[in-house]
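Single-letter residue listing:
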Amino acid sequence: MPISYHIDVERRLVLTRASGTLTDADVLALKTRLTQDPDFVPGMRELSDCRGIERLDVTPAGVRAMVQQDQRQGADGPHRLALVLSKDVAFGMARMYQSLAGSNEQDHVGVFRDIDEAKAWLEST
């Protein structure tokens, strides 16, 4: 599985790591697994380290499906998500996700190249 996660219950933080080839199905499956995890609480912060992605097979249609899935599953409260990416294509797709998430989510989705900036942003609220 190209995506793994760990939930730090005490810090109310989800740490996600993606590597290798990443597809729409991988991301959608992660979102489902995460929300079904008994340690997951809606409204947790998430740091998603995607710097290990070598190939991105995420499509614009997949990004729209991710936003729709978030809207269905995230009705219990805001989810602050910091995405850290090093490759330009992955960074661009993450910005598309941020944009499609809508104006209410713009303040809850941050897209970064530097992990320390992402951590600081997550901790700023």
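Residues numbered from 1 in each chain as written. Predicted model: local features only at pLDDT ≥ 70, side-chain atom pairs only at ≥ 80, totals over all residues. Heavy atoms only, no water.

**Student:** Could you clarify how one ought to interpret the packing of aromatic side chains in this entry?
**Tutor:** Two numbers describe a pair of aromatic rings. These are the distance of the centres and the angle of the planes. As enumerated under the stated definition, the model contains 1 aromatic pair in all. It is Arg 80 that lies over the ring of Trp 121; its NZ or CZ is 3.8 Å from the centre. In this structure, Arg 113 is placed above the aromatic ring of Phe 91, and the distance from its NZ or CZ to the ring centre is 4.2 Å. (Phe/Tyr/Trp six-rings, centres within 6.5 Å; stacked < 30°, edge-to-face > 60°. Lys NZ or Arg CZ within 6 Å of the ring centre and 35° of its normal.)

**Student:** How should the pairing of strand 2 (residues 13-23) be read in this particular structure?
**Tutor:** Regular strands place side chains that alternate from one sheet face to the opposite one. The sheet contact formed by strand 1 (residues 3-8) and strand 2 spans 6 bridges and is antiparallel. Each residue of the ladder has a partner; that of Asp 8, found in strand 2, is Leu 13. In textbook terms, the turn of a hairpin is the stretch between consecutive antiparallel strands, and for strand 1 and strand 2 this stretch comprises 4 residues, one of which, Arg 12, has a positive phi near 50 degrees. As paired elements, strand 2 and strand 3 (residues 45-57) share 10 bridges and run parallel to each other. (Pairing = 2+ DSSP bridges. Helix = DSSP H or I, 4+ residues; strand = E, 2+ residues; numbered from the N terminus.)

**Student:** How should I be thinking about the pattern of salt bridges in this particular structure?
**Tutor:** In this structure the tally under the stated criterion is 5 salt bridges. The salt bridge partner of Asp 8 is Arg 11, with a shortest N-O separation of 3.7 Å. Judged by its relative accessible area of 43%, Arg 11 falls in the partly exposed class. Between Arg 17 and Asp 49 there is a salt bridge; the shortest N-O distance is 3.4 Å. Here the residue Arg 17 occupies a position in strand 2, and Asp 49 occupies one in strand 3, the gap between them amounting to 32 residues. For Arg 17, a relative accessible area of 52% gives the class exposed. What you see here is one network of salt bridges that share partners, running through Arg 17, Asp 49 and Arg 51. (Salt bridge = Lys/Arg side-chain N within 4 Å of Asp/Glu carboxyl O. Buried < 20%, exposed > 50% of the residue type's maximum accessible area, 1.4 Å probe, protein only.)

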